[in-house]
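Structural characterization, general
Here's the letter readout for the chains.
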Amino acid sequence: MRDTFVKTLLEIAKKDKNVYIVTGDLGFGVLKPFWDELPNQIINAGIAEQNMTSVAAGLAMQGKTVYTYSIGNFPTLRCIEQIRNDCAYHDANVKIVCVGGGFVYGSLGMSHHATEDIAMMRALPSVTVMAPGDLVEAACATKAIYETKGTCYLRLGRGGEKRIHEKIDGFKIGKAINIQDGEKVAIFSTGAIFDEVHEACERLKQEGINPTVYTFPTVKPIDKEVIEHCAKTHGTILTVEEHNLSGGFGSAVAEVLAEMDGAKAKLVRIALDDRYSSIVGSQKYLRKQYSIDSKTVEEKVKENW
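In this report, we go over the structure that sits alongside the text. What you see is a predicted model; the values in this text were computed from it and never measured.

**As for empty space enclosed by the protein**
Counted under the stated rule, the structure contains two cavities of 30 Å³ or more. What the largest cavity holds in volume is close to 70 Å³. Lining the largest cavity are Gly101, Ala131, Arg155, Leu156, Gly157, Thr190, Gly191, Ala192, Ile193 and Glu242. Counted by class, the lining of the largest cavity contains four nonpolar, four polar and two charged residues. Estimates place the volume of the second largest cavity at around 40 Å³.

In structure tokens:
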């Protein structure tokens, strides 16, 4: 996803000299093409993410569209006050980019696990929150936040995620994307953890079980229309996210369901069970350890079929 993001942003920035990227002293390998071609539109703010964010806000207030770039929690939780006070409050055109949402940097421990970021960012008024599921969604999201006024958050995987789409027609912020139609259970997924959903659905298909599947590249604003439709036509909605249980994608879906009248689907949420990871390991290993993997998705679908 990150290579796709940089390639897409470079294409945008070549056409718009007011587009800047500010990095927190990392990503030099992947950002090199941008640096080589547009050296006057990239800034290394150093290992100083709070300052990076305030610099971005200042540039935005002067008419620039600025992408801040760092890994894991560093572009969000480390500088949440600057995002809130300097960017979001002023509706500044700052696009905050996290590479490595969830357990991507699992082997580096809890400080590098981005598992509360969606909750923090979607709590900020007027901030758009996006978590694309594959490189095609990542490219669309990069373009979409460029065209969207105000502060946005883009949560990316790192690389090697399974490709979901050949192309997307009519991509829009706030709209979920249908992957397959099915019955009884509707699976909603956000972010790169879709590959676990795909693995589970491939096994379920062999047993004649075909749930409906949607990917949600936008967490805020959430697609209420799809949620309400599935709540009326399915017995269970299953949300899947690589994030803490509290305040994230599943919570956003729960809020929509709570305001619905009449009969509606039961909600089952697959997420990190309101805890910090006390162990280290690969992303795949940690997903399994904390039951946010394909096996868990498969089991939950069967339980509610």
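**Description of the pairing of strand E12 (residues 266–272)**
Both strand E11 (residues 236–244) and E12 contribute to a ladder of six bridges, which runs parallel. Within the sheet, the bridge partner assigned to Leu238 lies in E12 and is Val268. Each parallel crossover has a hand, and for E11 linked through helix H9 (residues 249–258) to E12 it is right-handed.

**Points about helix H6 (residues 135–146)**
Between its first and last C-alpha atoms H6 spans 17 Å; for 12 residues at 1.5 Å apiece the expected length is 16 Å, and the two agree. Most of H6 sits out of view: nine of its 12 residues are buried. Residues of H6 that are buried: Val136, Glu137, Ala138, Ala139, Cys140, Ala141, Thr142, Ala144 and Ile145. For H6, the side-chain oxygen to backbone nitrogen distance between the N-cap and Val136 is 3.2 Å, and the N-cap itself is Asp134.

**Some points on the environment of Ala114**
Position of Ala114 relative to the elements: it lies in the loop between strand E4 (94–99) and helix H5 (117–122). Its relative accessible area of 0% is what places Ala114 among the buried residues. Along the primary structure Ala114 and His243 are separated by 129 residues, whereas in three dimensions their C-alpha atoms are 7.4 Å apart. Non-local contacts of Ala114, meaning those with residues more than four positions away in its chain, are made with Gly72, Asn73, Gly100, Gly101, Gly102, Arg155 and Glu242.

**Considerations on the layout of surface pockets**
Over the atoms rolls a probe the size of a water molecule, and its path tells where empty space is left. One number sums up the size of the largest pocket: a volume of about 190 Å³. Forming the boundary of the largest pocket are Thr4, Lys7, Thr8, Glu11, Ala139, Cys140, Lys143, Ala144, Glu147 and Phe171. Mapped onto the lining of the largest pocket, the elements with two or more residues apiece are helix H1 (2–15) and H6. Its residues assigned to classes, the lining of the largest pocket shows four nonpolar, two polar and four charged.

**Let's talk about the sheet that holds strand E8 (residues 185–189)**
Reading across from one edge, E7-E9-E8-E11-E12 is the order of the five strands in this open sheet, with mixed pairing throughout. Among the strands making up the open sheet, the edge pair consists of strand E7 (177–180) and E12. Taking each pair of neighbouring strands and ignoring which way they run, the sheet shows an average axis angle of 25°. Examined bridge by bridge, E7 and strand E9 (residues 212–215) share three bridges and lie antiparallel to one another. In the strand pairing of E9, Asn178 is matched with Tyr214. Each of E7, E8, E9 and E11 is contacted by helix H7 (residues 194–206), which is oriented at about 150° to E8, the strand it contacts most.

Cut-offs used in this document
- Residues numbered from 1 in each chain as written.
- Predicted model: local features only at pLDDT ≥ 70, side-chain atom pairs only at ≥ 80, totals over all residues.
- Heavy atoms only, no water.
- 1 Å grid on protein atoms, 1.4 Å probe; cavity = no way out; pocket = protein on both sides within 12 Å on 5 of 7 lines; lining within 4 Å.
- Points joined across faces, edges and corners; volume = space filled by probe spheres on them.
- Nonpolar A, V, L, I, M, F, W, Y, C, P; charged D, E, K, R; others polar.
- Pairing = 2+ DSSP bridges.
- Helix = DSSP H or I, 4+ residues; strand = E, 2+ residues; numbered from the N terminus.
- Right-handed = clockwise from strand over helix to strand, strands pointing away.
- Expected span 1.5 Å × (residues − 1).
- Buried < 20%, exposed > 50% of the residue type's maximum accessible area, 1.4 Å probe, protein only.
- Polar contact = N/O pair within 3.5 Å; in protein donor to acceptor, adjacent residues only side chain to side chain.
- Contact = heavy atoms within 4.5 Å.
- Axes fitted to C-alpha atoms, helices over the stretch in contact; angles between N-to-C directions.

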